[in-house]
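Structure assessment
If you want the building blocks of each chain, they are given just below.
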Amino acid sequence: MAKVDFAIGIGGEAGQGIATPGDILARIFARRGLNLNAYNAYQSLTRGGHTFLTIRASDGPVRNMGDKLDILIPLNQDTMDRHLRLLGAGACVLFDSDKIKPGTPAEGVQLCPLPIKQLTAGNKLAANTVAIAATLQMLGVEFKALEDALARIFKRKGDAVVAENVGFARTGYDYATSNFKAFPFKAPNLGKGNAVLTGNMAIALGGIAAGVKFYAAYPMSPSTGVLMYMASHARQLGIMVRQVEDEIGVMNMVIGAAHAGCRAMCATSGGGFALMTEAVGMAGMLETPVVCVDVQRAGPATGVPTKTEQGDLWQMLGAGQGDFPRLIVAPTSALDAFKTIPELFNLCDQYQCPGLVLSDLLISEGTTSIDPKDLNFKPKIERGEVIWPNGNGNGNGNGANPFGGATDNSYLRYKNTESGISPRAVPGVPGHIHVAASDEHDEDGTLISDEFTNPTKRRIMVEKRARKMETVLSQIAPPNLVGPETAEVTLVGWGSTEGVIREAVEKLAAEEGIVANQIAVRWIVPFHADEISHMLTRSKRIIIVENNQSGQFARYLRSETGIAAHGHIRKYDGEPFMPHHIVNAVKDQLSGKTELSVPEHEIFV
Amino acid sequence: MSTVVDPSPGTVAAAPASAELNKDSFKNKVHPDWCPGCGDFSVLAALQTALFELGLKPHQVVVISGIGCSSNLPGFINTYGMHTLHGRSLAVATGVKLANHELKIIATGGDGDGFGIGGNHFMHTMRRNVDLTYIVMDNQIYGLTTGQTSPTSRKGMKTKSTPHGNVENPINPIPLAIVGGATYVARGFSGKQKHLVELLKGAIQHKGFSFVDVFSPCVTYNKDNTYQFFNPKVKALEDLGHDPSDLHKAMDRGYQWGEEIPIGVFWKRTDLPSLEESEPVLDEGGPLAFRQLGISDEQAKALIAELL
């Protein structure tokens, strides 16, 4: 059990500098070995509006933003007015008493007014530094940790700026010591450092570990972080990064690079993915291994660009006209995304098909701590049956005729093999010339769509491609049933909801005496229908938890297993689930109140 | 499943010394399915001759097309080929070129493919000056869909989708390409194959984005822009004393239309680096496609250190 588990909320207008104190706090906690999760609720603005960052830290696992706030730092009156009501006994609010008036807090909430003008000698930029210094003092963090963090952040601006900020921090720290009551718990130092990163960084790093040499994108929230990370590390790592004119161009360019032999990847959000879908089908037809990440945001159309949703499942399933094999995976966390990308590349390379990743704003723009030991940059690499120009695997071409392939049938790019997988020569290999065609084609690549239309050949090629997928399921791990088999209720989720459902299961047991278990699904295609059916047929009550309105996963589960859930918990207001949303909904459903719960999001941003 | 080891940094393999190139080296076993008399036959023959005369090996060349009659060309030539989606040849071609910059890349297609559905990629591939050759077989009509108006159909032209005459203005590809940033801009005519061979050789040898718009008559659906229409009108720019390094004269010649229609090289500049030359990632180490995957322990350490 965690001994310490606290959350800090910092709110204000966009442009008021919420990111920097958030980053300072997150890094200080992670450097002490604490686990953390930070979620920034924001709007599509560069100035104004309301932004609210929640940082939760604990010595135990932190899988989501949690249910409660212990410390509120409102940078404007609006934040105070919106969020003070969320604080319960034991919590505190630190605010600039010169410009913000507190409302009436609940009993036991400590008001910590900071006379900012006096403490900063009128320096407006220093207010945030004073507030986090006071916060750290109340959490029992030694001043040195903050001093180091400020030195790191302001290093580029010179010693004078560092010294000035350290001075303001000292003032805030000392003011808290003499005026505020410290928390009964301390943020411990566990003596090991954790890495801090966003989900988008984890996705980029996963691509880097997988050996991505070509990354293309069109900027689109909330996927742009992947592009920015890739772009800023491209030259040091030897990766070609391109910002392309549109997502149509992105996917086609990625296919070109992959066809030539690169591991190539792109990321976008649902709207961009919609533009890519014709080309996704082309990757299926050309049998080109590419990886595309869809960071889902609330849709449809432009939707809510800065809010989260799991609304693109059926778009992924139906992307591209016609039938073709594809792989779809929904990582459950940033760390899982990091590990999943190399795994997916290996499968795409072996099965010569597109691989699609369903992330969402919650994972991608969320910040988490990861033990650096878990960041393995030497994952297993499996390129499948590729024929390279240096002679590797040069088994089935025509050595006597280096210009052969297209002029004879010595090499068949789309050979109708037993496995359905045909050895893939990259351009530049003598004796293996062929055309990769988006039209239906014969084994040698010749078009059979126009004058050679032939139902027998067409059927052979459709079946060849489909047959590739027969063995892929055996290469990936099925989901586990977490919790007691005899539970009263089984909560089923997919992708990013794993963490919040896990905490809800723990809370149901600890606080409500309700025994629940959990299935978190990662792989959508292929789908472990048998294994999941086996687990679910023993469940007393199945409730599906998902971040969309229509129950996209519920429909998919039914289509693949014939199993209809007993109940549903759905949220589509743009904000992620909090554990208590699920706990309360499960209670309602067990008491027979409803079979469809739509939790209300109490934090208004 | 057999595993092929990751190749060590390499280059596009040179052909064995015994392999002799001859005029038929670029011929494919598949015969074109174009209508008899189609201008595209001449473009295919000119491209095959140009590649042969430049001494290129078939496996070192990738011909990449979109969709349309003319986009069937990769299937009729003995080089590596990609037959991509409608309008997308240039995006795919850019990806192939950046992944393996030692390959010679030729993108081919029609006017609908390149200036209609693919117009956005056309603009951006030009400004990037990607080192590839783009040949548009411009027949001023949609042929594969049996005769609808295209972006280069002249105003007033009657087609199946404009039965009362086209009321829209056409695109003029030559000034568009000059302004768009192409660094080699030429126009050829299927009826002047020898001239076209020279234009294509110049384009393929040019370092940067080379664009060759070819009047390639559709004998089935375009009764306006026929061989008989073009034959008396086309005049070689070299015979007109044109200087392709003069931007303003190039624009003037590009807009010329009437009794005299210029063909030849309108515009050429060699002072701009291509995209591959501008991208330091390609400076050393050979084609990206053949580089060792993954990163070194030191690089991994540095990435993790940034996160702590």
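Up top you'll find the structure we're talking about.
The rules behind the values
Residues numbered from 1 in each chain as written. Chains lettered and ligands numbered in written order. Predicted model: local features only at pLDDT ≥ 70, side-chain atom pairs only at ≥ 80, totals over all residues. Heavy atoms only, no water. Helix = DSSP H or I, 4+ residues; strand = E, 2+ residues; numbered from the N terminus. Rg over C-alpha atoms; globule rule 2.2 N^0.38 Å. Contact = heavy atoms within 4.5 Å. Lys, Arg positive; Asp, Glu negative; His and termini not counted. Charge placed at Lys NZ, Arg CZ, Asp CG, Glu CD. Buried area = accessible area lost by both parts, 1.4 Å probe. Salt bridge = Lys/Arg side-chain N within 4 Å of Asp/Glu carboxyl O. Polar contact = N/O pair within 3.5 Å; in protein donor to acceptor, adjacent residues only side chain to side chain. Nonpolar A, V, L, I, M, F, W, Y, C, P; charged D, E, K, R; others polar. Pairing = 2+ DSSP bridges. Core = buried A, V, L, I, M, F, W, Y, C linked by side-chain atoms within 4.5 Å. Buried < 20%, exposed > 50% of the residue type's maximum accessible area, 1.4 Å probe, protein only. Axes fitted to C-alpha atoms, helices over the stretch in contact; angles between N-to-C directions. Parallel < 35°, antiparallel > 145°, perpendicular 65-115°, else oblique.

Time to look at the overall build of chain A. Scanning chain A for helices and strands turns up 18 helices and 24 strands. The C-alpha atoms of chain A give a radius of gyration of 27 Å, which matches the 25 Å a tight globule of 605 residues would have. Here the C-alpha coordinates of chain A stretch approximately 90 × 65 × 40 Å along the principal axes. When contacts within chain A are restricted to residue pairs at least 6 apart in sequence, long-range pairs at least 24 apart make up 73% of them.

To continue, consider the overall build of chain B. Per the secondary structure count, chain B includes 10 helices and eight strands. Expected size for 308 residues packed as a compact globule is a radius of gyration near 19 Å; at 21 Å, chain B falls within 12% of this value. Taken along its principal axes, the extent of the C-alpha atoms in chain B is 70 × 45 × 40 Å. Side-chain charges of chain B comprise 27 positive and 31 negative groups, with the mean position of each set lying 7 Å from the other.

Another point: the interface of chain B and chain A. With 75 residues of chain B at the interface, the matching set in chain A holds 88 residues. When chain B packs against chain A, the two sides together hide about 6600 Å² of surface, and 64% of this comes from carbon and sulfur. Inspection of the region where chain B meets chain A yields five salt bridges. Our count for the chain B to chain A interface comes out at 22 residue pairs in polar contact (both at pLDDT 80 or more). Of all the elements in the fold, those that place two or more residues in the side of chain B that touches chain A are β2 (80–83), α2 (89–99), α4 (119–128) and α10 (297–307) of chain B. Tallied by class, residues from the side of chain B that touches chain A come to 38 nonpolar, 25 polar and 12 charged. Pairing between strand β17 (residues 435–437) of chain A and β2 of chain B: three bridges, direction parallel. Directly across from Ala437 of chain A, in β2 of chain B, lies its bridge partner His83 of chain B.

Attention shifts here to the nonpolar core. Within the largest apolar cluster, 103 residues are counted, with the highest numbers of intra-cluster contacts made by Phe214, Ile524 and Phe553 of chain A together with Phe211 of chain B. Residue contributions to this core peak at eight residues, all from helix α9 (residues 247–260) of chain A. Setting aside its immediate chain neighbours within four residues, Phe211 of chain B contacts Phe115, Phe122, Tyr134, Val136, Pro173, Ile174, Ala177, Ala182, Tyr184, Val185 and Ala186 of chain B.

Moving on, we get to the packing of helix α16 (residues 529–536) of chain A against helix α17 (residues 552–561) of chain A. All names here are of chain A. Remark: α16 packs on α17, axes separated minimally by 10 Å, with the N-to-C direction vectors making an angle of 105°. Between α16 and α17, the crossing angle belongs to the class labelled roughly perpendicular. Residue-level contacts link Ala529, Ile532, Ser533 and Leu536 of α16 to Leu557, Glu560 and Thr561 of α17. Classifying every residue of the contact of α16 with α17 gives four nonpolar, two polar and one charged.

So, on to the sheet that holds strand β5 (residues 92–96) of chain A. Residue and element names in this part refer to chain A. The strand order across the open sheet built from eight strands is β6-β5-β4-β1-β3-β2-β14-β7, with neighbouring strands paired in mixed fashion. Pairing within the sheet leaves two strands with one partner each, and these edge strands are β6 (110–114) and β7 (195–198). Neighbouring strand axes in the sheet, compared pairwise and without regard to direction, differ in orientation by 15° on average.

So, about the sheet that holds strand β7 (residues 234–236) of chain B. Strand order in the open sheet formed by nine strands is β17(A)-β2(B)-β1(B)-β3(B)-β4(B)-β6(B)-β5(B)-β8(B)-β7(B), with mixed pairing between adjacent strands. In the strand order of this sheet, the two ends are held by β17 of chain A together with β7 of chain B, each with one partner. This sheet shows a mean twist of 20° between the axes of neighbouring strands, independent of strand direction. Together, β5 (184–189) and β8 (261–268) of chain B form the strand contacts of helix α8 (residues 247–255) of chain B, whose direction differs from that of β8 of chain B by roughly 150°.

Glancing now at the environment of Asn72 of chain B. Counting through the fold element by element, Asn72 of chain B comes out in the loop between β1 (61–65) and β2. The exposure class of Asn72 of chain B is buried, given its relative accessible area of 8%. What Asn72 of chain B contacts, discounting residues up to four positions off in sequence, is Leu447 and Asp450 of chain A together with Asp33, Trp34 and His83 of chain B.

For the rest of this paragraph, the subject is the pattern of salt bridges. All names here are of chain A. Going through the model one piece at a time under the given rule, you end up with 41 salt bridges over all chains. Taking the shortest distance from any N to any O, the salt bridge between Asp5 and Arg56 comes out at 2.9 Å. Taken together, the positions of Asp5 in strand β1 (residues 5–14) and Arg56 in strand β3 (residues 48–58) put the pair 51 residues apart, joining distant regions of the chain. Residue classification places Arg56 among the buried residues on the basis of a relative accessible area of 5%. Salt bridges here are not isolated pairs; linked through shared partners, they connect Arg263, Asp349, Arg383 and Arg424.

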